[in-house]
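# Examination of the molecular architecture
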Amino acid sequence: MAQSVGAANLASGLQDPYLGRSPVIALTGRKEPSFQHRNAYQEIAHAPLFAAVTKFSTPVDSTSELPRLLRHAWRLALADTPRPTHLDFCGLQGDVIELGETSEPPIIDPEARRVPAHRPIADPADIERAVAALTTARRVAIVAGDGAAASEAGPEVLALAEALAAPVATTLGARGLIPTTHRLSVGVAGSYSAPPANRIVNGADLVLFVGCDTGDQVTLNWRVPARGTPVVQIDADPAEIGRSYPNTTGVLGDPKATLARFNQGIGRPARDSGFAEEAARIVADWRATMAPLLDSNAAPPPVERLCAEVTRALPPDGVLVADTGYSGIWTGTMIELNAAGQTYLRAAGSLGWSFPASLGAQCAAPNRKVLCFTGDGGFYYHLAELETAHRCGLAVTVVVNNNSGFGQNLTGVRRVAGNRPGRGEELVRFGPTDFTAVARSFGVRGIRVERAEAIAPALREALQAEEPVVVDVVTDIEPRAPEPWAPPRP
Ligand SMILES: Cc1ncc(C[n+]2csc(CCOP(=O)(O)OP(=O)(O)O)c2C)c(N)n1
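Below you will find a few notes about this structure. Starting from 1, residues in each chain are numbered consecutively following that chain's sequence as written. This being a predicted model, a pLDDT of at least 70 is required before a residue's local features are given, and a value of 80 or more before pairs of side-chain atoms are given or counted; all residues contribute to the totals for chains, interfaces and linings. Side-chain numbers come from the whole structure's heavy atoms, not from hydrogens or water.

Time to look at the site of the ligand. One heavy atom suffices: a residue is near a molecule or strand as soon as one of its heavy atoms comes within 4 Å of it. Residues in contact with the ligand amount to 16 residues; listed here are only the nearest, Gly349, Gly377, Gly378, Tyr381 and Gly407. N or O atoms closer than or at 3.5 Å make up a polar contact, with two conditions inside protein: a donor-capable atom paired with an acceptor-capable one, and, for residues adjacent in sequence, both atoms drawn from side chains. In the environment of the ligand, a nitrogen atom lies 2.7 Å from a nitrogen or oxygen atom belonging to the side chain of Tyr381. Contacts to the ligand include Gln408, whose backbone N or O atom sits 2.9 Å from an oxygen atom. Note on areas: Shrake-Rupley with a 1.4 Å probe; residue coverage comes only from the protein chains shown. Here the ligand, which alone exposes 600 Å², has 79% of that area covered by the protein. The residue inventory of the shell around the ligand, partitioned by class, reads four nonpolar, 11 polar and one charged. We call Asp, Glu, Lys and Arg charged. Ala, Val, Leu, Ile, Met, Phe, Trp, Tyr, Cys and Pro are nonpolar, and the rest, Gly among them, are polar.

Shown next as structure tokens:
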């Protein structure tokens, strides 16, 4: 909820659930009609702010309309594809204008209480066509996205991958859809990826997108796979089918329910496992190059070691909430997830989102351990929520990868600054800040970590605590996160 110009902050926060396909209902208040269009203090037009980040946004001018509109906003937020919706009330704070009364009961339709609310299954003829294409192709790669994760289609994706001997890549948002250490898992594809995934997806002769928005992040700006690649695309949202790849066989339906039909249709065909073996080798070679860093005792600790310790510490039903920038790349490439009880939530672009989002996750899952992974740059954005965490007793573990700067941007600003030493870096280096001292000033426990060996005990202590804990891990800004593999330019 927010009101007047404060609603602009709320609207910017909806970009994440919009891209992440999450159902959120935003409520705002505005001054009454006689204040509009005459320089009223604090007022700003709400409709344009919310248009781009909601699938439905409407004024609520009369109490009698509220039950109907709230039901509609609720239903639409949950319907395929889930996205935010918005109701804009007439009036501020306690002064919401009461215009008329309603006798309608405040009932939410029973079918609109689950995500997804419905599981439509694709047309059998479309499924048959897609299955024929998949079984004819020799080197099939699967790229599963946030829509597959929302549909909880992990087991069905894995069963199809096994049947087709097809490597599985995911979007960052669908990290952990299948166990990340499974022999068919090749990791996150696109621009936030380690090298194997793009090489493998690029080497496919057919790509199956499942609940995947085929946006710039998962396709490395539409270079992986190449534009002409034959594609089969399963999505609950018709607008996504063929959006970025013209050579697409579309299958409109809920990913989980539709994939179950695929699996019935495909059975256990004789398959050449050559592509899967090649993919497994590429992944294994890359893992071997990273292995020394996972156990490294170097000082300051490598972030790879930090990630390995998070993998070891995260409980089997833990929730990992990752910030954007390098935090997305580190957690998306170096932290392993079991695809059983663990959940991965990531910022879809708004730096700083992860810490307040982890508080939301903790409210939604009070009996699970929630671990937030953020850079210091991201943590600064919403530091004040430490007070909320303390006041509300939200026992999140906040791991700050504290490299005293916007690490991800170092490469870019150096490129821009060219040979003028120091110039670019002035823009992205800051601190050093001791976040345990900051935390303590809010009444929150803080653990400062400066040695690799101290990471595991700190995470253990934090995850056992029944209060919020900030684990401030001092790292170096220089080492780069894993870089994606890119196909040669034509
Ligand atoms: C609201 C917002 N501001 C800025 C950015 C651009 N941005 C993305 S990542 C990043 C740097 C992240 O720094 P930090 O959180 O310290 O993590 P690090 O890369 O150092 O690990 C910036 C500035 C953004 N995506 N969103």
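Only Phe, Tyr and Trp rings take part, Trp by its six-membered ring, and two of them pair if their centres are within 6.5 Å. Stacked means planes under 30 degrees apart, edge-to-face means over 60, and tilted covers everything else. Overall, the coordinates contain seven aromatic pairs when judged by the stated rule. Ring centres 5.6 Å apart and planes at 35° place the aromatic pair Phe209 and Tyr245 in the tilted group. Linking Phe209 in strand β8 (residues 206-210) with Tyr245 in the loop between β9 (231-235) and β10 (248-252), this pair joins segments that are 36 residues apart in sequence. Burial classes: relative accessible area under 20% of the type maximum marks a residue as buried, over 50% as exposed, and values in between as partly exposed (1.4 Å probe, protein chains only). Given a relative accessible area of 1%, Phe209 falls into the buried group. Exposure remark for Tyr245: the relative accessible area of 2% places this residue in the buried category. Ring centres of Tyr326 and Trp330 lie 6.1 Å apart, and the angle between their planes is 70°; on these two criteria the pair is classed as edge-to-face. Helix numbering and strand numbering both begin at the N terminus, where a helix is a DSSP run of H or I of at least 4 residues and a strand a DSSP run of E of at least 2.

Formed by 36 residues in total, the largest nonpolar core has its most connected members in Leu320 and Phe373. The element that contributes the greatest number of residues to this core is helix α20 (residues 455-464), accounting for five residues. Counting residues in each nonpolar core, the second largest holds 34 residues, with Val157, Ala161, Ala165 and Leu208 among its members. The nonpolar core is taken to be a set of buried Ala, Val, Leu, Ile, Met, Phe, Trp, Tyr and Cys residues, with the residues joined through side-chain atoms within 4.5 Å.

Time to look at the pattern of salt bridges. A pair is scored as a salt bridge if a Lys or Arg side-chain nitrogen falls within 4 Å of a carboxyl oxygen belonging to Asp or Glu. Considering all chains together, one arrives at 29 salt bridges under this definition. Residue Glu156 pairs with Lys256 through a salt bridge whose shortest N-O separation is 3.1 Å. Here Lys256 lies in helix α10 (residues 255-266) and Glu156 lies in helix α7 (residues 154-164), a separation of 100 residues in the sequence. Among the ionic contacts, a cluster of salt bridges with common partners joins Asp295, Arg305, Glu309 and Arg312.

Before going further, it helps to examine the packing of helix α11 (residues 274-294) against helix α12 (residues 303-313). Between two packed helices, what matters for the description is the angle formed by their axes and the separation of those axes. One way to put it is that α11 packs onto α12 with a least axis distance of 8 Å and a crossing angle of 90°. With respect to each other, α11 and α12 are oriented roughly perpendicular. Each of Met290, Leu293 and Leu294 in α11 lies in contact with α12, whose residues at this interface are Glu304, Arg305, Ala308 and Arg312. Looking at side-chain class alone, the contact of α11 with α12 contains four nonpolar, no polar and three charged residues. Between N-to-C directions, angles cover 0 to 180 degrees, with each direction set by a line fitted to C-alpha atoms, over the stretch in contact for helices. Angles below 35 degrees are treated as roughly parallel, those above 145 as roughly antiparallel, those between 65 and 115 as roughly perpendicular, and all remaining angles as oblique. Any two residues having at least one pair of non-hydrogen atoms within 4.5 Å are treated as being in contact.

Glancing now at empty space enclosed by the protein. In this analysis the probe radius is 1.4 Å and the grid spacing 1 Å, with only protein atoms considered; a cavity is a set of points the probe fits into but cannot get out of, a pocket is an open set with protein on both sides within 12 Å along at least five of seven lines, and lining residues have an atom within 4 Å of a point. Grid points are joined across faces, edges and corners, and a volume is the space filled by probe spheres set on the points. Scanning the entire structure with this criterion turns up two cavities of 30 Å³ or more. Around the largest cavity, the lining comprises 15 residues; the ones closest to its centre are Arg175, Val186, Gly187, Trp286 and Thr333. Listed by contribution, the elements that provide at least two residues to the lining of the largest cavity are β7 (185-188), α11 and α13 (326-334). Top element by residues in the lining of the largest cavity is β7. It accounts for four residues. Class assignment of the residues belonging to the lining of the largest cavity gives a composition of six nonpolar, six polar and three charged. Quantified by volume, the second largest cavity comes out at close to 90 Å³. If you trace the second largest cavity, you find 13 residues lining it, with Asp80, Gly147, Ala150, Ala236 and Pro255 closest to the centre. When the residues that make up the lining of the second largest cavity are grouped by side-chain class, the tally is five nonpolar, four polar and four charged.

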